[in-house]
Structures are given as structure tokens and as C-alpha cells.
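Results of the structural survey
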Amino acid sequence: IGSLGVYEYGLLVLARSAFDTINNFTNIGISATVIADMNVERSRGNLPELKAIFIDYALFKVVVAVILFITLVSALFVADVFLNNAVIDYLKILSILLLINPLRSVITTFMQANLQFRHLGIWGALDSFFYLIAVVLLIIFDQLTIPMIITATIVSQLAVFVLFLKPFINNYQPLAHISRKKGNHIFSIIKKHGKWDIFENYITGFTKNLRPWIAGIFLSIESVAIYSVAVSLVGHTSSMLPLARVLSPIFPLNYVDRRKMHDILLRSTKYSLCIMVVVFLVSVALMPIFLEYFFPKYLPSVTLF
């Protein structure tokens, strides 16, 4: 945001929001439900059922992603004939992520179910680090364009995915020689309780990704950039306490001990609230100084933040 113009950054945000709307369909929205169901079966010692849930989830995600990828690419080439829009060209490059993201998601879902938070933490850190290095190199060699930024995103995500294949295989090894339970478990999960996650995922995802376009239509592309910076800053600040990611697989592991589940919920709510109040006060005080010093052209984001 310091090197791109406000207008250019606004275009990038619009391209990402359009892609995220489509990518939202590959997310499906049941990963938390799948993690919970896997760990309920783990608490019961029912590993064949656990393996069946994971394999069915992985296959379902990959099939949906491939169908969406083919549909999107076809639609973009048709749209290119009738429309002259830079966002279409950016979406063509971003579409590659439709094939990478589901594979990454499958691995992270399994690692989260196995409480591999150290690996997940390193994954997130390396993802950001590789992307940062790529962007810095683009700035040094004066190649910081939107297509190159998108390419850097793809390369960094693919690199981390390849690096974490081995830890995933090591964690999957105990299940490798266990026969999975027969039947399609993913549709059973969706029918029982997963449908609510899917409904919430699609509604919230669609409305969230629609907001930048509304800002662009009624205000300007620059306002999209200012709005996006404010939202990003809130996201980065709130992500300092990734409590939900840690607790979501731990609750089902204590499925039989309701008293312990109650204690975890009560304490996590109490302590996270105290910590986030401090984070809130500090960020409200420091964010104007941060923006004024590093990104003065985005100072209007302070009020939105």
C-alpha cells in the first residue's frame, strides 16, 4: 500500500473480493464441523470413522474446486470478449489459487484436528515471510505491478504447501494402515449439522466481498482502498489472539467431560476479553501515529478503523 497508488490498490482489492466470492464456494464452510466430528470420533477411539470423514471431506473439496476452476476460467474468457476490464485479467491469474487453496485447506484442517498448532503457526509465518520477500524484491527491481503481486501470492502459497507436505504425511501415517469406514460421511455431516455452517459461510462471505464493490460503485475506487486498509488493520489486530483456531479442536476432544468443556469456555472468554480490551486501547492510541508515519495517504482509514 506504500508503493502502489491508492487507485491501483483499490483495483487489487476489487479483484481479490471478486475472487474471494468464488473461492468461498470451494471453502464450503464445514471445516470447523469436520474438525469437531473427527475429534469426537478420536475421543471415542473410532479411527476408521475419523479417517472416512477426512477422506470424504478432502475428495469433496477437490472435486468442487476443479469444477469451479473450469467454470471460472471459461466465464472469464467469454467475458473478455465483451468487456474491457482490468479486473478480468487479474482474475485469470488469481484463478490458479482455486486449485491450490483447497489442497492447503485440507492439510491445515487435518493438522488442526491433530492439534499441530506449532506447524500451523510456522505455516502462517512462512506464508507471510515468503510473500514479504517476494514483494520487497518486486519493489527493488521496480516490478511492483498488480499481476506481479498476484503472482507473488501464488508462488508463496505454493512454496509453503510443498514444504508442509512432509509434516502432513508424518501426521497421517498412523491412519495410513487403518481401513476407513464405508459410506459417504460428508453428506451425512452436511445433512445433520453442517448445512448451517455452509449457509453462514456463503451469506457472510458474499456480503463481506460485496462491500468493496458497493463502495466502488457509489463512491470511488480510492475509497475502496481506504476502506480495505481499515478492515485489514482491524483483522491484523484481532488476529493477535487466535483463540477460536486453538479451541475448536479441543472442545470435541473433551466431548465426554462436559464440566471441563464448561471451564474451558468460561476461562477462554474471560481472559480473551481482558486481553482484547488492552489490545483495543493500545491500537486506537497508536494506529493514527502508525498510519501518519508510514502510510500518510491512507490517514482517512483511521476513522473507519
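Structural notes, computed from the coordinates. (Residues numbered from 1 in each chain as written. Predicted model: local features only at pLDDT ≥ 70, side-chain atom pairs only at ≥ 80, totals over all residues. Heavy atoms only, no water.)

For the protein, the helix and strand inventory stands at 13 helices and zero strands. Sequence-ordered secondary structure for the protein, helices as α and strands as β, is α-α-α-α-α-α-α-α-α-α-α-α-α. The C-alpha radius of gyration of the protein comes to 21 Å, within 12% of the 19 Å expected for a compact globule of 305 residues. With respect to the principal axes defined by its C-alpha atoms, the protein has extents near 55 × 50 × 35 Å. By element, 71% of the accessible surface of the protein is carried by carbon and sulfur atoms, the whole surface being about 16900 Å². Treating the 24 positive side-chain charges of the protein as one cloud and the 16 negative ones as another, the clouds have centres 12 Å apart. (Helix = DSSP H or I, 4+ residues; strand = E, 2+ residues; numbered from the N terminus. Rg over C-alpha atoms; globule rule 2.2 N^0.38 Å. Areas by Shrake-Rupley, 256 points an atom, 1.4 Å probe, with all protein chains shown as cover. Lys, Arg positive; Asp, Glu negative; His and termini not counted. Charge placed at Lys NZ, Arg CZ, Asp CG, Glu CD.)

A separate point is a nonpolar patch on the surface. A cluster of nonpolar residues, Phe129, Leu132, Ile133, Val136, Leu137, Ile140 and Phe141, forms a patch on the protein surface that exposes about 680 Å² of accessible area. We classify Leu137 as partly exposed; its relative accessible area is 43%. (Patch = residues over 30% accessible without salt bridge, like charges linked within 9 Å, V, L, I, M, F, W, Y side chains within 5 Å. Salt bridge = Lys/Arg side-chain N within 4 Å of Asp/Glu carboxyl O. Buried < 20%, exposed > 50% of the residue type's maximum accessible area, 1.4 Å probe, protein only.)

So, about the packing of aromatic side chains. Under the counting rule described, the total for this entry stands at 13 aromatic pairs. Consider the rings of Tyr9 and Tyr298, whose centres lie 6.2 Å apart with planes at 85°: the pair is edge-to-face. Within this pair, whereas Tyr9 is found in helix H1 (residues 6-27), its partner Tyr298 is found in the loop between helix H12 (258-294) and helix H13 (301-304), the two being separated by 289 residues in sequence. A relative accessible area of 13% places Tyr9 in the buried class. With centroids separated by 4.7 Å and ring planes inclined at 55°, the aromatic side chains of Phe54 and Phe110 adopt a geometry described as tilted. With Phe54 in helix H3 (residues 47-82) and Phe110 in helix H5 (residues 97-113), this residue pair connects regions lying 56 residues apart in the sequence. (Phe/Tyr/Trp six-rings, centres within 6.5 Å; stacked < 30°, edge-to-face > 60°.)

Put simply, helix H2 (residues 31-43) and H5 touch, their axes get as near as 9 Å, and they point 40° apart. Taken together, H2 and H5 sit at an angle that is classed as oblique. Crossing geometry of H2 relative to H5 is assigned as right-handed. Seen from H2, the contacting residues are Ser31, Val34, Ile35, Met38, Asn39 and Arg42; seen from H5, they are Thr109, Phe110, Gln112 and Ala113. Its residues assigned to classes, the contact of H2 with H5 shows five nonpolar, four polar and one charged. (Axes fitted to C-alpha atoms, helices over the stretch in contact; angles between N-to-C directions. Parallel < 35°, antiparallel > 145°, perpendicular 65-115°, else oblique. Left-handed = near helix turned anticlockwise from the far one by under 90°. Contact = heavy atoms within 4.5 Å. Nonpolar A, V, L, I, M, F, W, Y, C, P; charged D, E, K, R; others polar.)

If you look at the biggest cluster of nonpolar residues, it comprises 38 residues, and the most contacted ones within it are Tyr9, Leu12, Leu91, Leu94, Ile150 and Tyr298. Elements represented by at least two residues in this core include exactly H1, H3, helix H4 (86-94), H5, helix H6 (117-140), helix H7 (146-163), helix H10 (221-238) and H12. Here this core takes nine residues from H1, the largest share from any one element. If near-sequence neighbours (up to four positions away) are discounted, Tyr298 is found in contact with Ile1, Gly5, Val6, Tyr9, Ala225, Ile226, Val229 and Leu291. If you look at the next biggest cluster of nonpolar residues, it comprises 26 residues, including Met38, Ile107, Ala113 and Ile189. (Core = buried A, V, L, I, M, F, W, Y, C linked by side-chain atoms within 4.5 Å.)

Our next topic: helix H8 (residues 165-176). Note: α-helices contain 3.6 residues per turn, so residues at a spacing of three or four share the same orientation. When we look at burial in H8, the residues that qualify are Pro167, Phe168, Asn171, Tyr172 and Leu175. The buried residues of H8 occupy one face: seen down the axis, they fall within an arc of 120°. Looking at the packing, one finds that the buried side of H8 touches H3, H5, H6 and H7. (Arc of directions from axis to C-beta.)

What follows deals with the packing of H4 against H7. Think of two packed helices as two axes; the pair is described by the angle between the axes and how far apart they sit. Two elements in contact, H4 and H7, have axes separated by 9 Å at closest approach and are oriented at 20°. When the axes of H4 and H7 are compared, the pair comes out roughly parallel. Remark: the crossing between H4 and H7 carries right-handed chirality. Across from Tyr90, Ile93 and Leu94 in H4, the residues of H7 making contact are Ile146, Pro147, Ile150, Thr151 and Ile154. In the contact of H4 with H7, the residues fall into seven nonpolar, one polar and no charged.

Moving on, we come to the pattern of salt bridges. Across all of its chains, the model carries six salt bridges by this definition. Of the charged contacts, one joins Asp20 and Arg16 as a salt bridge, the two residues approaching to 3.8 Å between their closest N and O atoms. A residue pair is termed a helical-turn pair when its members lie 3 or 4 positions apart in one helix, as Asp20 and Arg16 do in helix H1 at four residues. Taking the shortest distance from any N to any O, the salt bridge between Arg104 and Asp127 comes out at 2.7 Å. Highlighted residues: Arg104 in helix H5 and Asp127 in helix H6, separated in sequence by 23 residues. Across the pair, exposure class does not vary: Arg104 and Asp127 are buried alike.

Functional significance is not addressed by these values, which are geometric in nature.
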